[in-house]
Amino acid sequence: MLFTEKLRPRVDILQFALLNQKNIESEVARLDLVDPVVSGNKWFKLKEYIGEALKENKTSIVTFGGPFSNHIIATAALCKTFGITSVGIIRGEQPKIISATLKHATEQGMILFFVEREKYKSKEIPQFLHNKYPGAYIINEGGYGFLGMKGASSILRLLSSKKYTHILSAVGTGTTMAGLVESSDIQQKVIGISSMKNNFALENQINHLVSKENKNRFQLLHDYHFGGYAKFNSDLIHFMNDWYLTTNIPSDFVYTGKLFFAFSKMLEEDDFPPGSKVLLIHSGGLQGNNSLKNGTLIF
Ligand SMILES: *Cc1c(COP(=O)(O)O)cnc(C)c1O
């Protein structure tokens, strides 16, 4: 086995007044603690791809991402662990000073190629890369795809997840969400908080990955993006600091901050019937907070 049971994530029980008041139980699956670099859902999403690449004796992996991508850093670190050359095709022109994320990725041995935004959209691999890394194993941007979904479907299997009535997770490509839907029970409600603005293609992206009986067996919320992907305002930052003081759980401003914010709002608005047991998936991503000004967050 490539990835062992040591991955069983810790689960924190939330305790604050509003939960008691509304008679709701809630727990957080701390995927952020699974690994310091390959944190959160990325480990789960990547494991099947890496496994397949190793099985096919691939010596290099090429993938795509933005300059702050958790997927890029996770891929770089995993490839290093398994002795595979990693190549990152990065969205946008090469800046004078690269982001902390990309610097970290190069420290893990990733070779970066910057592609201007318009060209990047086509997700084509430049010919010279094909020549340099012939037969490289290719992983989609964000790890989107069937194997990513398959890997993510082991998250709930590692937890005692049957008791939960609701499962909430942050959503980017929808791959993790698809894995959660696929591995949940029919009576469990799986709810995704989209980190992007009006990304209505998500529904199809998720339905494309799950099996027939699970199509549309989920709900996506599009009202908690705070202006769009990686956008934030002082309300979100205040909330994340408050949430940390209340729960001792750090969050990131791109995904999990918005997830916990949405959960709090839903709790206030009585979206969960009394007696509900809500599982929140902490999908990691804390390294992304390094791009915030020092002192913004208290953790
Ligand atoms: C990548 C990421 C997500 C989104 O996962 P998808 O499977 O692409 O939907 C959510 N949370 C964090 C912290 C991430 O890094």
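For the structure itself, look to the data block above.
Along every chain, residues carry numbers that run from 1 in the direction the sequence is written. Only residues with pLDDT of at least 70 are given local features in this predicted model, and only at 80 or more are side-chain atom pairs given and counted; all residues enter the totals for whole chains, interfaces and linings. Note that water and hydrogens are dropped before the side-chain values are worked out from all heavy atoms of the structure.

Here's the deal with helix 3 (residues 70–81)
End to end, helix 3 covers 17 Å across 12 residues, agreeing with the expected 16 Å (1.5 Å per residue, within 8%). For each residue, the accessible area found with a 1.4 Å probe, counting protein chains only, is set against the maximum for its type, and the residue is called buried under 20%, exposed over 50%, and partly exposed in between. Elements are defined by DSSP. Helices are runs of H or I of four residues or more, strands are runs of E of two residues or more, and each kind is numbered from the N terminus. Residues Asn70, His71, Ile72, Ile73, Ala74, Thr75, Ala76, Ala77, Leu78 and Cys79 constitute the buried set of helix 3. Polar contact criterion, stated in full: a pair of N or O atoms within 3.5 Å, where within protein one must be able to donate a hydrogen and the other to accept it, and residues adjacent in sequence count only if both atoms are side-chain atoms. Between a side-chain oxygen at the N-terminus of helix 3 and the backbone nitrogen of His71 the separation is 3.1 Å; the capping residue is Ser69. Backbone geometry just after helix 3 places Gly83 at a positive phi near 65°. Multiplying 1.5 Å by the residue count of a helix minus one yields the expected span of that helix.

Remarks on unusual backbone geometry
One non-glycine residue with positive phi stands out, namely Asn23, at about 55°. By the secondary structure assignment, Asn23 is in the loop between helix 1 (17–22) and strand 2 (25–30). A positive phi angle, close to 60°, is found at Asp270, a residue other than glycine. Structurally, Asp270 is set in the loop between helix 12 (256–268) and strand 10 (277–282). On the accessibility criterion, Asp270 (51% relative accessible area) is exposed.

Side note on the site of the ligand
Inspection of the region around the ligand gives 14 residues, with Lys42, Asn70, Thr173, Thr176 and Ser283 positioned closest. The separation between an oxygen atom of the ligand and a polar side-chain atom of Lys45 is 2.9 Å. Between Ser283 and the ligand, the recorded distance is 2.7 Å, taken from a side-chain N or O atom to a nitrogen atom. Here the ligand, which alone exposes 380 Å², has 97% of that area covered by the protein. Going through the elements one at a time, helix 2 (41–55) and helix 9 (175–183) are the ones with two or more residues in the shell around the ligand. Of the residues forming the shell around the ligand, the biggest block, 3 residues, is contributed by helix 2. When the residues that make up the shell around the ligand are grouped by side-chain class, the tally is 2 nonpolar, 10 polar and 2 charged. Here a residue is considered near a molecule or strand provided that any single heavy atom belonging to it is located within 4 Å of it. Here the Shrake-Rupley method, with its probe set to 1.4 Å, supplies the accessible areas, and only the displayed protein chains count as covering residues. Under the scheme applied here, ten amino acids are nonpolar (Ala, Val, Leu, Ile, Met, Phe, Trp, Tyr, Cys and Pro), four are charged (Asp, Glu, Lys and Arg), and all others, including Gly, are polar.

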